Amino acid sequence: MAAARAVVPASWPERTAGAGTVGRMTSHDTLHDGTAFQDHYPPDVAACFGCGRLNEHGHHLRTTWDGEGTVTRFTPGPEQTAVPGYVYGGLIASVIDCAGTGTAAGAAYRAAGRTMGDPDDHEPPLRFVTGRLEVDYLAPTPLGVELVVRGHIDEIKARKVVVSLEMAAGDTVVARGRVIAVLMPATME
Ligand SMILES: CCCCCCCCCC(=O)SCCNC(=O)CCNC(=O)[C@H](O)C(C)(C)COP(=O)(O)OP(=O)(O)OC[C@H]1O[C@@H](n2cnc3c(N)ncnc32)[C@H](O)[C@@H]1OP(=O)(O)O
């Protein structure tokens with residue numbers, strides 16, 4: 001792996017935690033105001049096809065805190081067909097991807113005791129890209145149904161956040177995924 005290139009706050013609490021513990025790293029919690037992590041991405045990284053609010057052709061995926069985890073909701077359109085009546089698997093992966101990187105960003109801010117979108121925060125933004133994406137397709141995913149993705153922070157380190165995710169269509173778990181999100185390298189700026 002290449003040497004570290006992105007800026008990390010000196011105060012970053014490097015830590016690997018077991019399930020359910022990462023969300024309690026600081027009492028300075030963030031974003032329980034109904035806004036999504038992606039609503040606060042800096043404009044230079046807000047053009048992602050999956051989750052960029054500034055991409056007029058994209059999916060505009062939005063991820064919020066839901067207790068200690070996160071939730072992302074998306075209803076695919078009929079053009080997202082795999083076989084008639086069922087959702088294209090690439091779209092499922094895309095939703096899990098952006099739900100994972102969004103969760104990583106939220107977790108990183110929370111771990112650093114920072115609030116996304118805080119106008120008084122002049123530290124460098126914490127921007128995460130996908131290093132690894134794993135998806136298990138567990139059941140056919142019907143079109144016309146809202147997909148609900150719940151994210152869980154498995155591990156958080158200085159440059160990496162590991163997120164596990166579960167996608168449901170109604171009462172059926174249709175996919176599970178795992179995202180290794182890594183701080184965006186300066187070469188991508
Ligand atoms: C707020 C910003 C929002 C941006 C829009 C949302 C993004 C939506 C998702 C995307 O589509 S992002 C686009 C697709 N992803 C890329 O284009 C990334 C291309 N790859 C890279 O730029 C680098 O390979 C990467 C930043 C992922 C890793 O860089 P480094 O190789 O310098 O990482 P480093 O050596 O610092 O490793 C840091 C940690 O991450 C781990 N890691 C890095 N790459 C990995 C990988 N591929 N798989 C598993 N783990 C990986 C690495 O092992 C290490 O873990 P440990 O600390 O536990 O040792």
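So, here is what we can say about the structure in this document. (Residues numbered from 1 in each chain as written. Predicted model: local features only at pLDDT ≥ 70, side-chain atom pairs only at ≥ 80, totals over all residues.)

Some details on the environment of Glu134
Summarising the element assignment, Glu134 is placed in strand β3 (residues 128–137). Along the primary structure Glu134 and Ala104 are separated by 30 residues, whereas in three dimensions their C-alpha atoms are 15 Å apart. Apart from residues lying up to four places away in sequence, Glu134 is in contact with Gly177 and Arg178. (Helix = DSSP H or I, 4+ residues; strand = E, 2+ residues; numbered from the N terminus. Contact = placed C-beta atoms within 7 Å.)

A word on the pairing of strand β5 (residues 160–169)
In the case of a regular strand, side chains alternate between the two sheet surfaces. With seven of ten residues buried, β5 is to be regarded as a mostly interior element. Relative to β5, strand β4 (residues 147–156) is paired through nine bridges, and the arrangement is antiparallel. Along β5, the bridge assignment pairs Glu155 with Val162. Taking the residues that link successive antiparallel strands as the turn, the β4-β5 hairpin has three residues. Bridge analysis of β5 against strand β6 (residues 172–183) gives ten bridges, and the strand direction is antiparallel. Bridged to Leu165 within β6 is Gly177. The loop that links β5 with its antiparallel partner β6 comprises two residues; one of these, Gly170, has a positive phi angle of about 65°. (Buried ≥ 20, exposed ≤ 12 C-beta atoms within 10 Å, placed from the backbone. Pairing = 2+ DSSP bridges.)

Let's talk about the pairing of strand β1 (residues 63–66)
Bridge count between β1 and strand β2 (residues 69–74): four bridges; the pairing is antiparallel. Bridging from a neighbouring strand, Thr63 pairs with Thr72 of β2. Between β1 and the antiparallel strand that follows it, β2, lie two residues; Gly67 among them carries a positive phi value of about 70°.

Describing helix α1 (residues 89–111)
The end-to-end C-alpha separation of α1 is 32 Å, in line with the 33 Å expected for 23 residues at 1.5 Å each. Gly113 lies just past α1 and shows a positive phi near 70°. (Expected span 1.5 Å × (residues − 1).)

Details of the environment of His152
Mapping His152 onto the fold places it in strand β4. Judged by the 18 C-beta atoms lying within 10 Å of it, His152 is partly exposed. In this structure the C-alpha to C-alpha distance between His152 and Ser164, which are twelve residues apart in sequence, comes to 5.2 Å.

A short note on the nonpolar core
By size, the foremost hydrophobic cluster in this structure holds 39 residues, and its most contacted members are Val95, Ile96, Ala108, Val161 and Met167. Here the element with the most residues in this core is α1; it accounts for twelve residues. (Core = buried A, V, L, I, M, F, W, Y, C linked by C-beta atoms within 7 Å.)

Things to note about the sheet that holds β4
One open sheet accounts for six strands, arranged β1-β2-β4-β5-β6-β3; its pairing is antiparallel. At either margin of the open sheet sits one strand with a lone partner, and together these are β1 and β3. Direction aside, neighbouring strands of the sheet carry axes that sit 25° apart on average. (Axes fitted to C-alpha atoms, helices over the stretch in contact; angles between N-to-C directions.)

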